[in-house]
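Examining the three-dimensional arrangement
Residues per chain, in single letters:
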Amino acid sequence: MPSDNHFDRAPDGPFDEGPFEDTLAEAMQRTGGTFTLQDRTGLVNNALTLGRRRLARRRTAAVTGSVLALAAVGIGGGYGAGLLGDPAGKTEWGAGPAGAEKTERGAGPAEPEKAQGPAEPEKARRVSEPGATPTGPAVAGGGIAAILTRLLPAGELTEIQERGIGELGGPGLTGVFDDGKGKAALSIGLSRANGLNGTQDVTCPDKVYVPYDHCTSVKRPDGGRLMIFQGYEYPDRREETKNWRAVLLTSDGFLIDASEYNAPAEKGAEISRTDPPLNPAQLKALVTSDKWRGTLERLPPAPPADNNPEDGAGGVVQELPGGVDARDILVTLLPRGLKVTGRGGEGPEFGYVVVDDGAGRTLVQINVQPGSSDLADELFTEATTLPDGTLLQTKKGPGDKGVPGGVMWTADTLRPDGLRVVISAFNGGDQHSPPTRATPALTMKQLTAIATSPKWRANY
């Protein structure tokens, strides 16, 4: 589910469109519906990489330093029913429960995979008992739909939209599954992982930004990692659509990503059932089945890493310092009288703490971006110039949409050498729950003092 995060918002200036819509996460959420399954995977993976390098920031005029914000977009973002074109038909079957498919990769022959072109929906054969193996001739095409029908519980899959290996975006499928208890959007995608980005896909999100009911991420005996996520399409719960997701990162670098909902569409559809149709054990069995192996091994190699990326404006992006933690620096700069009750984020670009002065919790988050001189004319048009040449722009505004009474205060600074430091504080302990106080625990003067501290220049 896309994260409705505020720390990526550019305060004031021509890009200020309101209290919520100008965040990077919201922009990606709005455009996510136009991407296919693997476009979504690529979007998230590329955004993670480019966020660290500030490419996405430069083109969206937003602070994109947070791995948390961009990784959260992967939770339900940009895939579900209706993303791959017009419904192509339906498949019926009477297979056994998904839990019957518990074999590991390499334990049996892989299903054949159509090399390219959309796989035509085929009517799968019925099997005589749960868990039985189909005995008839191979399904024509042998694509994602054919494999999926062997792994899902008994039911009906309609509105199938499938992509093959040879198509843009890679192999994936969306459809609407009905086990007799209510229609549910369902999707699955297969791709190659991209280093750290693959690890992010199987890491449970931070509840400060993405609330959920349950999430586990465990290492498997073969060296892979499996995440099972049970949450919601919208972090602020403005719709009660549930999103349950299983993502497997194999030991040799493949991703199998399945998602399901308790409504016939990812967004905008009435709730059709209490929970999505597959329980966590069935989701696990679905993504860990060896039947995906043949498709995975046909995926083209991942593109080589770009070790000298350009910033989109003709220059080379400045590398970030190693061994620097923005969150730890933030903690040393907090005013006295604040108790740190929570913290998260790591690395040189992003961090947050939750503090309490005895009158309620406040979420404080920091973004640090060296090499941001090109943003002066875009984001600091109404800034005050400090004696040392630093541009300072402050803003007091509402918090996230869907949180009545939410408040966000921001101090955004840009030093003459291009170092940008942005700090924001909320009147609650996270971005999606009701406020715990009328205003943040830190004053604007205190936020400004943190953002303009010499410690940032000393470490960056």
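For clarity, every value in this text was computed on a predicted model and none was experimentally measured.

Re the overall build of the protein
In terms of helices and strands, the protein carries 12 helices and 15 strands. Per-residue burial for the protein yields a buried fraction of 58% across its 460 residues. A total of about 18000 Å² of accessible surface is found on the protein, and carbon and sulfur atoms cover 52% of it.

Concerning the pairing of strand β7 (residues 242-249)
Counting buried residues in β7 gives eight out of eight residues, a clear majority hidden from the surface. Taking every second residue as pointing to the same face, both faces of β7 are buried, with Lys 242, Trp 244, Ala 246 and Leu 248 on one and Asn 243, Arg 245, Val 247 and Leu 249 on the other. Pairing between strand β6 (residues 225-232) and β7: eight bridges, direction antiparallel. Looking at β7, one finds that Ile 228 is bridged to Ala 246.

Points about the environment of Thr 250
Tracing the backbone shows Thr 250 in the loop between β7 and β8 (254-261). On the accessibility criterion, Thr 250 (8% relative accessible area) is buried. On a C-alpha basis, the gap between Thr 250 and Ala 193 in space is 8.8 Å, while along the polypeptide they are 57 residues apart. Every residue in contact with Thr 250, bar those within four places of it in the chain, is listed here: Gly 224 and Arg 293. A distance of 2.6 Å separates polar atoms of two side chains, one belonging to Thr 250 and the other to Asp 252.

Concerning the sheet that holds strand β14 (residues 407-414)
Ordered by their spatial adjacency, seven strands build an open sheet running β9-β10-β11-β15-β14-β13-β12, and the pairing between neighbours is antiparallel. One side of each edge strand has no neighbouring strand; the edge strands of this open sheet are β9 (339-344) and β12 (384-385). The pairing of β14 with strand β15 (residues 420-426) spans seven bridges and is classified as antiparallel. When the sheet's bridge partners are listed, Thr 410 is paired in β15 with Ser 424. Contacts from helix α11 (residues 444-451) reach β13 (391-398), β14 and β15 within the one sheet, and its direction differs from that of β14 by about 35°.

Details of unusual backbone geometry
Not every positive phi belongs to a glycine, and Glu 159 is a case in point at roughly 50°. With respect to the helices, strands and loops of the structure, Glu 159 is situated in strand β2 (residues 155-163). Using a relative accessible area of 36% as the deciding quantity, one classes Glu 159 as partly exposed.

A word on the packing of aromatic side chains
Scanning the model with the defined rule gives five aromatic pairs in all. With a centroid separation of 5.6 Å and 90° between ring planes, the pair formed by Tyr 209 and Tyr 352 is classed as edge-to-face. One end of the pair, Tyr 209, is in the loop between α6 (196-201) and β5 (212-219); the other, Tyr 352, is in strand β10 (residues 350-356), with 143 residues separating them in the sequence. Judged by centre distance (6.5 Å) and plane angle (45°), the rings of Phe 350 and Tyr 352 are tilted. Site record: aromatic cluster; members linked through ring pairs are Tyr 209, Phe 350 and Tyr 352. One residue, Lys 207, lies across the ring of Tyr 212, its end atom 4.8 Å from the ring centre.

Conventions used here
- Residues numbered from 1 in each chain as written.
- Predicted model: local features only at pLDDT ≥ 70, side-chain atom pairs only at ≥ 80, totals over all residues.
- Heavy atoms only, no water.
- Helix = DSSP H or I, 4+ residues; strand = E, 2+ residues; numbered from the N terminus.
- Buried < 20%, exposed > 50% of the residue type's maximum accessible area, 1.4 Å probe, protein only.
- Areas by Shrake-Rupley, 256 points an atom, 1.4 Å probe, with all protein chains shown as cover.
- Pairing = 2+ DSSP bridges.
- Contact = heavy atoms within 4.5 Å.
- Polar contact = N/O pair within 3.5 Å; in protein donor to acceptor, adjacent residues only side chain to side chain.
- Axes fitted to C-alpha atoms, helices over the stretch in contact; angles between N-to-C directions.
- Phe/Tyr/Trp six-rings, centres within 6.5 Å; stacked < 30°, edge-to-face > 60°.
- Lys NZ or Arg CZ within 6 Å of the ring centre and 35° of its normal.

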